[in-house]
Amino acid sequence: MDCDCDQNADPGRAVSLGAPGAGTWVRLWNRVDPWGDSSIRVCVRIGAPGLLAAVHQVTLSVMGDCDLVSFFDDLTGDFTGWDGAQVWESMDHDLRVEAVFASRGYVGLTWTVRPWRHTDGNWTASTTVVLEAGEQMLQLANKLNRVLGPPAPGELSPGVTH
């Protein structure tokens, strides 16, 4: 799908996990509020050796809080672990995050992207990024809050002009 995404967006306005060229990685960027009502859309790109996949205009929230931010806030509050998988999925099912608490205090985050728009074809791609359950997960949650959370009072939402 064509998108007006800024591929070289300011790193301060993107959330990145892992590092391209060094294993698995995920990047969320191009946060916009398309309707000026606190809705959130982003672009998501995932990668691994031999894999590069992206979905655009992923709706994370409509008129309110970003459930993805809340999902990670909840995970960081449970750094001692949990049984099974904790799952978050976007309303259009084009982004899914599955968190599994692994041994020795690490969390495996499997990011799955799939276009829901029929013109993009029928495919799914996933990659898993492993983070330390304490400090690294807290840093990720804080970055998600800064980039995807509500704008500061008096600040316009990205993508909205008045």
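For the structure itself, look to the data block above.
Residues numbered from 1 in each chain as written. Predicted model: local features only at pLDDT ≥ 70, side-chain atom pairs only at ≥ 80, totals over all residues. Heavy atoms only, no water.

Draft legend 1. The arrangement of the packing of aromatic side chains in detail. Evaluation of the coordinates by the stated rule reveals 3 aromatic pairs. Ring centres of Phe71 and Phe72 lie 5.4 Å apart, and the angle between their planes is 85°; this geometry places the pair in the edge-to-face category. Across this residue pair, the class does not change: Phe71 and Phe72 are buried. Ring geometry for Phe72 against Trp111: centres 5.9 Å apart, planes inclined by 15°, an arrangement best described as stacked. (Phe/Tyr/Trp six-rings, centres within 6.5 Å; stacked < 30°, edge-to-face > 60°. Buried < 20%, exposed > 50% of the residue type's maximum accessible area, 1.4 Å probe, protein only.)

Draft legend 2. Helix H1 (residues 67-76), seen in detail. Listed as buried for H1 are Leu68, Val69, Phe71, Phe72, Leu75 and Thr76. Seen end-on, H1 carries its buried residues on one side only, within an arc spanning 160°. Structurally, H1 contributes buried residues whose contacts are with strand E2 (25-32), strand E4 (51-61), strand E5 (85-89), strand E6 (95-102), strand E7 (106-113) and helix H2 (135-148). (Helix = DSSP H or I, 4+ residues; strand = E, 2+ residues; numbered from the N terminus. Arc of directions from axis to C-beta. Contact = heavy atoms within 4.5 Å.)

Draft legend 3. Structural view of the sheet that holds E5. If you trace the 4 strands from one edge of the open sheet to the other, you get E5-E6-E7-E8, paired in antiparallel fashion. The sheet terminates laterally at E5 and strand E8 (125-132), the two strands that pair on one side only. The average angle at which neighbouring strand axes cross in this sheet is 20°, direction not considered. Where H1 meets the sheet, its contacts fall on E5, E6 and E7, and the angle it forms with E5 comes to roughly 165°. Contacts between H2 and the sheet are confined to E7 and E8, with E8 contributing the most and set at about 120° to the helix. (Pairing = 2+ DSSP bridges. Axes fitted to C-alpha atoms, helices over the stretch in contact; angles between N-to-C directions.)

Draft legend 4. Region of interest: the sheet that holds E4. Spatially, 4 strands are ordered E1-E2-E3-E4 in an open sheet, and the strand pairing comes out antiparallel. The open sheet is flanked by strand E1 (15-18) and E4, the only strands paired with a single partner. Ignoring which end each strand starts from, the neighbouring axes of this sheet average 15° apart. As judged from the 4 bridges shared by E1 and E2, these two strands associate in the antiparallel manner. Residue pairing for E2: Leu17 is matched across the bridge by Val26.

Draft legend 5. Local environment of the environment of Phe72. Mapping Phe72 onto the fold places it in helix H1. Taking the C-alpha atoms as reference, Phe72 lies 9.0 Å from Asn142; in sequence the two are 70 residues apart. Filtering out sequence-adjacent residues up to four positions away, Phe72 remains in contact with Val97, Leu109, Trp111, Met137, Leu140, Ala141 and Leu144.

Draft legend 6. Up close: the pattern of salt bridges. With the rule as written, the count across this model stands at 3 salt bridges. Its salt-bridge partner being Glu89, residue Arg96 comes within 3.9 Å of it at the nearest N-O pair. For Glu98, the salt bridge identified is with Arg96, shortest N-O distance 3.3 Å. Looking at Glu98, the relative accessible area reads 25%, which means it is partly exposed. (Salt bridge = Lys/Arg side-chain N within 4 Å of Asp/Glu carboxyl O.)

Draft legend 7. Spatial organisation of the side chain of Thr112. With respect to the helices and strands, the residue Thr112 is situated in strand E7. Residue Thr112 is classed as buried on the basis of its relative accessible area, which comes to 8%. Filtering out sequence-adjacent residues up to four positions away, Thr112 remains in contact with Asp94, Leu95, Arg96, Thr124, Ala125 and Ser126.

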